[in-house]
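Chain by chain, the residues run as shown.
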Amino acid sequence: MRSFEFIRRLSLTHRLLALTLVASVPGLLALAYNAFDLRKTRYAEVHAEALRNTQLAVAELDQIFAGIKGVLHAVAQAAEVRQADAAACSRYVMRVRDGLQALTSILIMNPDGSVRCFSEAPSSSANLADRPYFQDVLKNRTFAVGTYTASRVSNRNLVPVALPLVENGTVTGVVMAGLNLQWLGRQLSERGIARGGAITVADRDGIIVAREPAPETYIGTRIAPSGIGFVAAPAAGSAEIESPDGTTRIAGYVPAALTPFGFYVSTGISRDEVLRPIDEATRRSLLVFSLGSLVALVLAWLVGEGIIRQPLMKVVATAEAWRRGHDMARTGIIDRGDEIGLLGQTFDRLMDESQQRAIERETEEARRDILVHELAHRVKNTLATVQSIASLSFRHSQGPDALRGFQDRLQALVRSHDLLTQRNWEHADITDIMKVSLAPLQGDKSHRFALFGPAVDLPPTSAVPVAMIVHELCTNAMKYGALSNDRGTVTLRWSATPDARGTAVSMTWSEAGGPPVERPQQEGFGSRLIANLTRQMHGGVEVRYPPSGLVCHLKFVAPEAEPRTASATG
């Protein structure tokens, strides 16, 4: 309560300052949210990017091992290797090794693990029968990649690769080579590494065989505890890892079991390098926001004192003068287009508008009188029309058929009135009148009607009779004409020409496909109704009965719609 009372006692200027501060809070929250959302989005993008980079690295390494496999296969096919001459075999593998930077040495091993020939010496007493990769080659007869090891033959740290030498379905030896880890590192370095990024290749035991940057520090060491679990993970993925060099990286990884060559591959992107532009942009935004808020407070102070408070006090003084009975008092604020100017101008117009409202009340009363008179006139005309329809319908028959025909004609009258009501009883297009009149038949017989003619605006005095005429023609066609079977069709054409009294309309109803027609012996109700309605519209009707179907040609004049006065239309 005390805080509320304190707010009530604040001046307008102080309230503007408080409002400015409050208004800045959503902007600050939006800025914080945008920064958070941007970091979150970028974080997810980097995770996906790291995994893509890793998969590309796996593909490049797969090509490297495929090339090495091809070299070993070529060596295995050489005649010097398959012969028993160890000296010739050694000279051959020496020549091959001299042309390859990817391999440190090439050996041809016997099935018992002894060295048959060696690219760096004529012979060696080392035996590799106990090496797991050597046993895998003999067992599976396929290309195998070993783990990081110190070679017993060359005393180098390398990754051995091996391919069986098969003759006549029997393994007669093993072609082996050592992968040059320095060369492998150069290949990884040449593919490009982003600032703060890293790429790591490790064997199935988690021993690093290639690493960029700083390969001399990490090759031969085990992957850090934060990443060792990913070596044997069930699926590829990405994670945030704290590297031994102290850099936090978002790393994508592919476990050793999921690469074609059996090595773990990981590429990392420095989190700080990725998020640094976002953090710098956020700091700049906060600085600009703070400066903007300070400028807004200064402007609020100036506006509150000079632009708002003084004019409002002038409005208050004018209101006090009105309260004391000085009706001619005015604020005189006429040169401002803002809310305060609007307030002052509203005060100045108040008395004039009071008089204007009195005049408008008188006008509204006159308008209501006119509308009541017009409504009475329309009701009178409608009742006269209903009386005429009833007189004609029951003149020669009072049975159920006469009653049903009377009800159908009333429905046609109702539909035409609905259409005119939608048009404010000003006019209706002849096409709309046709569609409304044919509406009861449109459900299952719409394909049997064809309407052709221009747009013609009909006043109510013409719209209602035309609707009644089309209804009578439909009724006759359903009873005796084209619509009494499943094949007949009706074509309704009309044309319009200017006339001194309005618009002269010529309309032709043509039936086809129905039963043969003959001229009736006596004139029926429908014919009399059509003739009467046509005469009311200063026209005439001509009916012909060719065997192909009834043809009814009507002419009438539609007068121009009389403009409604403002007092009548509102």
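These remarks concern the structure in this document. In this text, all values refer to a predicted model and were calculated from it rather than measured experimentally.

## Observations concerning the overall build of the protein
A count of helices and strands for the protein gives 16 helices and 18 strands. Taking all contacts inside the protein whose residues are at least 6 apart in sequence as the whole, residues at least 24 apart take part in 59%. With an accessible surface of roughly 31,700 Å², the protein has 56% of that area assigned to carbon and sulfur atoms.

## Topic: the sheet that holds strand β8 (residues 208-212)
The sheet built from 5 strands is open, its strands ordered β8-β7-β11-β10-β9 with antiparallel pairing. Among the strands making up the open sheet, the edge pair consists of β8 and β9 (237-242). Strand-to-strand, the axes of this sheet are offset by a mean angle of 20 degrees, without reference to chain direction. The pairing of strand β7 (residues 198-202) with strand β11 (residues 264-270) spans 5 bridges and is antiparallel. By the bridge assignment for β11, Thr200 is matched with Ser266.

## Details of the sheet that holds strand β17 (residues 540-544)
If you walk across this open sheet you meet the 5 strands as β13-β15-β16-β18-β17, and the pairing is mixed. The open sheet terminates on both sides in strands that have one partner only, identified here as β13 (449-452) and β17. Averaged over all pairs of adjacent strands, the angle between strand axes in this sheet comes to 15 degrees, irrespective of strand direction.

## Section: the pairing of strand β18 (residues 551-559)
The pairing of strand β16 (residues 502-512) with β18 spans 9 bridges and is antiparallel. Opposite Ala504, over in β18, you have Val557 as the bridge partner. Inspection of the sheet shows β17 paired to β18 by 5 bridges, in the antiparallel sense. Along β18, the bridge assignment pairs Val543 with Cys552. The turn linking β17 back onto β18 is made up of 6 residues, and Gly549 within it adopts a positive phi angle of 150 degrees.

## Observations regarding the pairing of β11
For β11, a buried count of 7 out of 7 residues is recorded, marking the element as mostly surrounded by other parts of the structure. Neither face of β11 is left uncovered, since the one carrying Tyr264, Ser266, Gly268 and Ser270 and the one carrying Val265, Thr267 and Ile269 both have all their residues buried.

## Some remarks on helix α12 (residues 430-438)
Every buried residue of α12 is accounted for by Ile430, Thr431, Ile433, Met434, Ser437 and Leu438. Projected down its long axis, α12 shows its buried positions confined to an angular sector of 160 degrees, all on one face. A distance of 2.9 Å separates the backbone nitrogen of Thr431 from a side-chain oxygen at the start of α12, and that oxygen is part of Asp429.

## A short note on the packing of aromatic side chains
The description of an aromatic ring pair uses the distance of the two centres, along with the angle that the planes make with each other. Considering all chains together, one arrives at 4 aromatic pairs under this definition. Measuring from ring centre to ring centre gives 5.8 Å for Phe65 and Phe263, while their planes differ by 85 degrees; the resulting arrangement is edge-to-face. Note that Phe65 is positioned in helix α2 (residues 12-77) and Phe263 in the loop between β10 (248-254) and β11, a separation of 198 residues in sequence. Given a relative accessible area of 4%, Phe65 falls into the buried group. Judged by relative accessible area, Phe263 falls into the buried class, the value being 1%. Measuring from ring centre to ring centre gives 6.2 Å for Phe261 and Phe263, while their planes differ by 90 degrees; the resulting arrangement is edge-to-face. Of the residues examined, Phe261 reaches a relative accessible area of 6% and is grouped as buried.

## Let's talk about the packing of α12 against helix α14 (residues 460-479)
One way to put it is that α12 packs onto α14 with a least axis distance of 9 Å and a crossing angle of 40 degrees. Classified by the angle between their axes, α12 and α14 sit oblique to one another. The handedness of the crossing between α12 and α14 is right-handed. Across the interface between the two elements, Ile433, Met434, Ser437 and Leu438 from α12 touch Ala463, Val466, Ala467, Val470 and Cys474 from α14. Each residue belonging to the contact of α12 with α14 can be placed in one class, and the counts come to 8 nonpolar, 1 polar and no charged.

## Comments concerning helix α5 (residues 132-140)
For α5, the complete set of buried residues consists of Tyr133, Phe134 and Val137. Looking straight down α5, one finds that the buried residues subtend no more than 105 degrees of arc, so they occupy a single side. Along α5, the residues that are exposed and aim more than 90 degrees away from the buried face are Pro132 and Lys139. Of the residues flanking the end of α5, it is Arg141, one or two places downstream, whose phi is positive at about 55 degrees.

About the criteria used
- Residue numbers here run from 1 along each chain, matching the order of that chain's written sequence.
- Local features are withheld for residues below a pLDDT of 70 in this predicted model, meaning they are given only at 70 or higher, and side-chain atom pairs are given and counted only at 80 or more; totals for whole chains, interfaces and linings count all residues.
- Remark: hydrogens and water are excluded; side-chain values derive from all non-hydrogen atoms of the structure.
- Starting at the N terminus, helices and strands are each numbered in turn, a helix being any DSSP run of H or I of at least four residues and a strand any DSSP run of E of at least two.
- In this analysis, two residues are considered to be in contact whenever any of their non-hydrogen atoms come within 4.5 Å of each other.
- The method behind every accessible area is Shrake-Rupley, applied with a 1.4 Å probe, and residues are considered shielded solely by the protein chains displayed.
- In this description, strands pair whenever DSSP reports at least two bridges between them.
- Between the N-to-C directions of two axes lies an angle of 0 to 180 degrees, each axis being a line fitted to C-alpha atoms and, for a helix, fitted only over the stretch in contact.
- The classification of residues rests on relative accessible area computed with a 1.4 Å probe and restricted to protein chains. Under 20% of the type maximum is buried, over 50% is exposed, and intermediate values are partly exposed.
- Each direction from the helix axis to a C-beta atom contributes to the arc, which is the arc of those directions.
- Between N or O atoms, a polar contact is any pair within 3.5 Å; within protein, one atom must be a potential hydrogen donor and the other a potential acceptor, and residues adjacent in sequence are included only when both atoms are from side chains.
- Between 30 and 60 degrees the pair is tilted, below 30 it is stacked and above 60 it is edge-to-face, where a pair is any two Phe, Tyr or Trp rings, Trp via its six-membered ring, whose centres lie within 6.5 Å.
- Oblique is the label for any angle not covered by the other classes, which are roughly parallel (under 35 degrees), roughly antiparallel (over 145) and roughly perpendicular (65 to 115).
- By convention, the crossing between two helices is left-handed when the near helix turns anticlockwise from the far helix through less than a right angle, and right-handed when the turn is clockwise.
- Each residue gets one of three labels, nonpolar for Ala, Val, Leu, Ile, Met, Phe, Trp, Tyr, Cys and Pro, charged for Asp, Glu, Lys and Arg, and polar for the others, Gly among them.

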